[in-house]
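The primary structure of each chain is shown beneath.
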Amino acid sequence: MKPDPHYTFQVDMQTNRLTIRREFDAPKALVWDCYTKADLLDQWFAPEPFTARTKSMAFEESGHWHFALVDPDGNEHWVRFDYETITAKDSYRAQDAFSDADGGINRDMPVSIWDVTFQDASPRTLVQIVSTYETPEAL
Amino acid sequence: MGNNSHELDTVFLAFADSTRRAILRRLGDGPASVSDLAAPFDMALPPFLKHIRTLENAGLITTEKVGRVRTCELNPKKFVAVEDWLKGQRRHWALRYRKLDQLLEQMKDKDK
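The model shown is predicted, which means the values in this text are computed figures rather than measured ones.

Draft legend 1. Quick look at the interface of chain A and chain B. In this assembly, 42 residues from chain A lie in contact with 36 residues from chain B. Linking chain A with chain B are 2 salt bridges. Among the ionic pairs, A:Arg22 bridges to B:Asp101, the shortest N-O distance being 2.8 Å. Connecting chain A to chain B are 8 residue pairs in polar contact (both at pLDDT 80 or more). At the level of secondary structure, the elements contributing two or more residues to the side of chain A that touches chain B comprise strand 1 (7-12), strand 2 (17-24), helix 1 (28-36), helix 2 (38-44) and strand 8 (124-133) of chain A. Of the residues contributing to the side of chain A that touches chain B, the split by class is 31 nonpolar, 4 polar and 7 charged.

Set out below in structure tokens:
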């Protein structure tokens, strides 16, 4: 794959945190829509060779997005994002978790909190995702 | 979101504590006994052993007891597995964002 100068992916094992930054050649409003509307998310959110298929979406505080990542054999891997806080066109915080087809969260799989921010760098837009993994105290 | 994400959870948990990170750093210099590892810490043995068990459960270290001495060693295979998972994540995001680039281009064309 060609290196992408506008992409950074950082790992901090001490804080259990992944930071993903990327610039897009599009206005902020357009990029925001792509992250927050189900019909648009379905078109890009699954990495190849998966496709994303939304079952339900309520992009609002305390709402959630429930979708399947479908592999080429048709197997479904269900994911649920619960939106905690939203500042329109600027940022949102969500919990990312694996779930079942009915939306029940699978606590045996890692859960992470996403802090997503959108920054205007006209004519481009900078998106940062900080994904922090839970660390249960007791083992 | 990979196949090994459950394992990764245990690994993240192992890395989350400063005592455990110090143990891993020390083992980077070579194998050591539990009592040698515990010496620098102002900590009773039972909680210290709990840290050792957490690291062992995460697969980051292996331990072997010979007589009364338990020796700990880093497990390089696990470190490679963690690195592979992270590489996979890095690649997934790059692939996703290529798709998003294309989608944004289509949307911009439509707006024109």
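Draft legend 2. Unusual backbone geometry, seen in detail. All names here are of chain A. Backbone torsion omega between glutamate 48 and proline 49 reads 0°, so that peptide bond is classified as cis. With an omega of 5°, the peptide bond between serine 122 and proline 123 qualifies as cis. Relative to the helices and strands, proline 123 is located in the loop between strand 7 (112-121) and strand 8. Even without a glycine there, the phi angle at lysine 89 is positive, about 70°.

Draft legend 3. Representation of the pairing of strand 6 (residues 91-98) of chain A. Residues and elements named next belong to chain A. Within strand 6, 6 of the 8 residues are buried, which leaves it mostly tucked inside the rest of the structure. In terms of strand pairing, strand 5 (residues 76-87) meets strand 6 through 8 bridges, oriented antiparallel. Considered in strand 6, the bridge of isoleucine 86 is made with tyrosine 92. Summarising the sheet, strand 6 and strand 7 pair through 6 bridges and their orientation is antiparallel. In the sheet register, aspartate 96 faces strand 7, and the bridge partner there is serine 112.

Draft legend 4. The packing of aromatic side chains, seen in detail. Residues and elements named next belong to chain A. Counted by the stated rule, this structure contains 24 aromatic pairs over all chains. Here tryptophan 32 and phenylalanine 118 contribute two aromatic rings whose centre-to-centre distance is 5.0 Å and whose plane-to-plane angle is 75°, an arrangement assigned as edge-to-face. On the criterion of sequence distance, the pair formed by tryptophan 32 in helix 1 and phenylalanine 118 in strand 7 is long-range, its members being 86 residues apart. For tryptophan 32, a relative accessible area of 5% gives the class buried. According to the relative accessible area criterion, phenylalanine 118 is buried, its value standing at 5%. Ring centres of phenylalanine 45 and phenylalanine 67 lie 5.7 Å apart, and the angle between their planes is 90°; on these two criteria the pair is classed as edge-to-face. Of the two residues, phenylalanine 45 is situated in the loop between helix 2 and strand 3 (51-57) and phenylalanine 67 in strand 4 (residues 64-70); the sequence distance between them amounts to 22 residues.

Calculation rules
Residue positions are given per chain, counting from 1 as you read along its sequence in written order. To read the labels, note that chains go from A and ligands from 1, taken in the order they are written. Totals for whole chains, interfaces and linings use all residues, but because this is a predicted model, local features are given only for residues with pLDDT of at least 70 and pairs of side-chain atoms are given and counted only at 80 or more. With hydrogens and water stripped out, all remaining heavy atoms of the structure feed into the side-chain values. Residues are treated as being in contact if the distance between any of their heavy atoms lies within 4.5 Å. A carboxyl oxygen of Asp or Glu within 4 Å of a side-chain nitrogen of Lys or Arg is what we treat as a salt bridge. Any N or O atom pair separated by 3.5 Å or less is treated as a polar contact, with the protein-specific requirement of one donor-capable and one acceptor-capable atom, and with residues adjacent in sequence counted only for side-chain atom pairs. A helix here means a DSSP run of H or I that spans at least four residues, while a strand means a run of E at least two residues long, and both kinds are numbered starting from the N terminus. Think of it as three bins: nonpolar holds Ala, Val, Leu, Ile, Met, Phe, Trp, Tyr, Cys and Pro, charged holds Asp, Glu, Lys and Arg, and polar takes everything else, Gly as well. Using a 1.4 Å probe on the protein chains alone, a residue whose accessible area is under 20% of its type maximum counts as buried, one over 50% counts as exposed, and one in between counts as partly exposed. Paired strands, in this sense, are two strands between which DSSP finds at least two bridges. Ring pairs are drawn from Phe, Tyr and Trp, using the six-membered ring of Trp, whenever the two centres fall within 6.5 Å, and their geometry is named by plane angle: stacked under 30 degrees, edge-to-face over 60, tilted for the rest.

Such coordinate-based values are descriptive only and should not be taken to indicate function.
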